[in-house]
Amino acid sequence: MASRELEVCETIQYDPVPLSARHNDKDTTEPISSYLSNLEELLAWKPTNQDVFNIAVTPLAARVPPLESKRPRTLVCHDMMGGYLQDRYIQGSDAQDFYTFYHWQYIDIFVYFSHEMFTLPPVCWTNAAHKHGVSVLGTFITEWETGAKVCESFLAGKESTFHAVADRMVQVAQFYQFDGWLINIENLLSAAAVKNTPLFLRYLTEQLRKHVPGGLVVWYDSVLEDGKLKWQNELNGKNRVFFDSCNGIFTNYNWTEQNLEQMSSWVSDRRADVYVGVDVFARSDIVGGRFDTNKSLQLIRKYGFSAAVFAPGWVYECLDKKNFLQNQNKFWSLLEEYLPVHSICTLPFVTSFCIGRGNKRFSYGKVGLWYFHCTAIEVTPAVHVLILGLRRPLLGFPFLCISCLLCAVDSHLSLPL
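The numbers attached to residues start from 1 for each chain and follow its sequence in the written order. Thresholds applied to this predicted model are a pLDDT of at least 70 for local features of residues and 80 or more for the giving and counting of side-chain atom pairs; totals over whole chains, interfaces and linings are not thresholded and use all residues. Side-chain measures here rest on the full set of heavy atoms in the structure, leaving out hydrogens and waters.

*Asks:* It is not clear to me how the overall build of the protein chain should be interpreted in this structure. Could you clarify?
*Replies:* Comment: elements are numbered from the N terminus, with helices defined as DSSP H or I runs of at least four residues and strands as E runs of at least two. Across its full length, the protein chain carries 11 helices and 13 strands. Sorting the 417 residues of the protein chain into buried and exposed places 53% on the buried side. Surface summary for the protein chain: the accessible area is close to 19800 Å², and the carbon and sulfur share equals 54%. Type-normalised accessible area, obtained with a 1.4 Å probe on protein chains alone, sets the label of each residue: buried when under 20%, exposed when over 50%, and partly exposed for intermediate values. Every accessible area reported is derived by Shrake-Rupley at a probe size of 1.4 Å, with residue values counting cover from the shown protein chains alone.

Pasting the structure below:
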């Protein structure tokens, strides 16, 4: 066969597109959830096609009673070893013994906390919480001298400057489908900056409500109305201006019963919007903590306030990880008496009872190795049926089913113990 001469008309070469460090793990290249480390990153933020992986796909489930009811609420602030650990992997990880949370019936708000300036909740937590009718907040934190300079840069100037920051925070929450922000300013504020802080809070709260259904802004007890950094451990006249400008206040942890008594005179119809802080690690001089956290809750509920349980992951961080599930159940069972539950009222009701971790995965008749994946967390019923007039679960499951007249009670009672 006669040979043919080949002519190269054009050489096409593609250079590989570098993976974004904020969207992909540097070691595995797997997609991850991450944060915005400074004000410049927030203001420059624009969603890309890589951000799509971080959008929560589970809408906030309807619940009874609604979050807006006047009964005391429970907020959990999840702070664990700096944050963004195995939970940052959007598609799950091969960790078999990592921390998970499955007592969703007891809580109303889940805050993801780290010391990054703009902590965006990993999408897996938002999906899990929303299945259970629990709102999810990110955290905006400023600290030390660096934080004071950041606050001065956007709070001490024109209204348009802090409006721009608030607008972008709303856009981020709306895009990623989480429900609002904890505002934690732990640094001194100048006279000009502290004067504008309530205006910033009010504008942020209004815009969230407008663009994020059920949007929430909670202020942390730190800065006073004169700009000084001095934790009050209560709501009082020195920090009331911030409380009046948003949806609630999360108090510092070193309170006594006297602080609770004094706060009673500062609230009327907004008692449930005061979240009294409880440090589960029991650092410094506090009431309760660790397996005595029930003592904290007992006093808080005595005065009708909401509770903010900080770092309940203590049971994982500080105790034997082999006994994590037992310790987790022990911790929440000790608090059960002081934790009003809510019910899911969405039909159809479908669940696999998964808690997001285990030894094996069963899917379509096939058995595979399990991995840690918060998004895989499903509602785990505990039979809380209002038509029976029951206040506590009939069965030992750590969540409750929909309390709806359409529920078939017999089907609940037939569940295996």
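*Asks:* It is not clear to me how unusual backbone geometry should be interpreted in this structure. Could you clarify?
*Replies:* Excluding glycine, residues mostly have negative phi values, and the peptide bonds linking residues are mostly trans. Cis peptide bonds are those with omega within 30 degrees of zero, and the linkage from V64 to P65 qualifies with -5°. Positive phi, close to 70°, is recorded for Q177, a residue that is not glycine. Tracing the backbone shows Q177 in the loop between α4 (159-176) and β6 (180-186). Although it is not a glycine, A311 sits at a positive phi angle of roughly 60°. Within the fold, A311 resides in the loop between β10 (306-310) and α9 (314-317).

*Asks:* Please clarify how the packing of aromatic side chains should be interpreted in this entry.
*Replies:* The geometry of an aromatic ring pair is captured by two quantities: the separation of the ring centres and the angle between the planes. Aromatic contacts are taken between Phe, Tyr and Trp rings whose centres are within 6.5 Å, Trp giving its six-membered ring; a plane angle under 30 degrees counts as stacked, one over 60 as edge-to-face, and the others as tilted. For the structure on display, the rule yields 28 aromatic pairs. With 5.1 Å between their ring centres and 80° between their planes, F175 and Y176 make a pair best called edge-to-face. On the basis of relative accessibility, which here comes to 23%, the residue F175 falls in the partly exposed class. Cluster of aromatic residues (ring-pair linked, three or more members): F101, W104, Y106, F110, W125, F331 and W332. Over the ring of F305 we find R271; its NZ or CZ atom is 5.1 Å from the centre of that ring. Remark: a charge is flagged as sitting over a ring if the NZ atom of Lys or the CZ atom of Arg is within 6 Å of the ring centre and within 35 degrees of the ring normal. Sitting over the ring of F291, K330 keeps its end group 4.1 Å from the ring centre.

*Asks:* It is not clear to me how helix α5 (residues 191-211) should be interpreted in this structure. Could you clarify?
*Replies:* In this model α5 runs 31 Å from its N-terminal to its C-terminal C-alpha over 21 residues, within 8% of the 30 Å that 1.5 Å per residue would give. Note on bend: at a given residue it equals the angle between the axes fitted to the 7 residues ending there and to the 7 starting there. Approximately 30° is the largest bend angle found in α5, and it occurs at T197, with the proline P198 only one to four residues beyond. Taken together, the buried positions of α5 are A193, V194, N196, T197, P198, F200, L201, Y203, L204, T205, Q207 and L208. The elements touched by buried residues of α5 are α3 (144-155), α4, β6, β7 (216-220) and α6 (240-243). One fewer than the residue count of a helix, multiplied by 1.5 Å, yields its expected span. The contact rule is simple, with two residues in contact once any of their heavy atoms fall within 4.5 Å.

*Asks:* So what exactly am I meant to see when it comes to the nonpolar core here?
*Replies:* Considering soluble globular proteins, one finds that nonpolar side chains tend to be buried as a cluster. One finds W104, M169, W181, I183, F200 and F250 to be the most contacted residues of the largest nonpolar core, which totals 107 residues. Top contributing element to this core by residue count: α4, with eight residues. The contacts of I183, once residues within four sequence positions are left out, are F140, M169, L201, L204, V217, V218, W219 and Y220. In this description, a nonpolar core means a group of buried Ala, Val, Leu, Ile, Met, Phe, Trp, Tyr and Cys residues linked to one another through side-chain atoms lying within 4.5 Å.

*Asks:* Looking at this structure, how should I read the side chain of R73?
*Replies:* Counting through the fold element by element, R73 comes out in the loop between β1 (63-64) and β2 (74-78). Residue class for R73 comes out buried when judged on its relative accessible area of 8%. Sequence-distant contacts of R73, that is, excluding residues within four places in its chain, are made with L67, E68, D108, A272, D273, Y275, R301, S306 and A307.

*Asks:* Please explain the packing of α3 against α5 as it appears in this structure.
*Replies:* When two helices pack together, their arrangement is given by the angle between the helix axes and by the axis-to-axis distance. Axis geometry follows a simple rule: fit a line to the C-alpha atoms, using only the stretch in contact for helices, then measure angles between N-to-C directions, giving values from 0 to 180 degrees. In the contact formed by α3 and α5, the axes pass within 9 Å of each other and the chain directions differ by 70°. Relative to α5, α3 is oriented roughly perpendicular. For the pair α3 and α5, the sense of crossing is left-handed. Each of C151, E152, F154 and L155 in α3 lies in contact with α5, whose residues at this interface are A192, A193, N196, T197 and F200. Roughly parallel refers to an angle under 35 degrees, roughly antiparallel to one over 145, roughly perpendicular to one between 65 and 115, and oblique to any angle outside these ranges. The hand of a helix crossing depends on one turn: near helix anticlockwise from the far one by less than a right angle means left-handed, and clockwise means right-handed.

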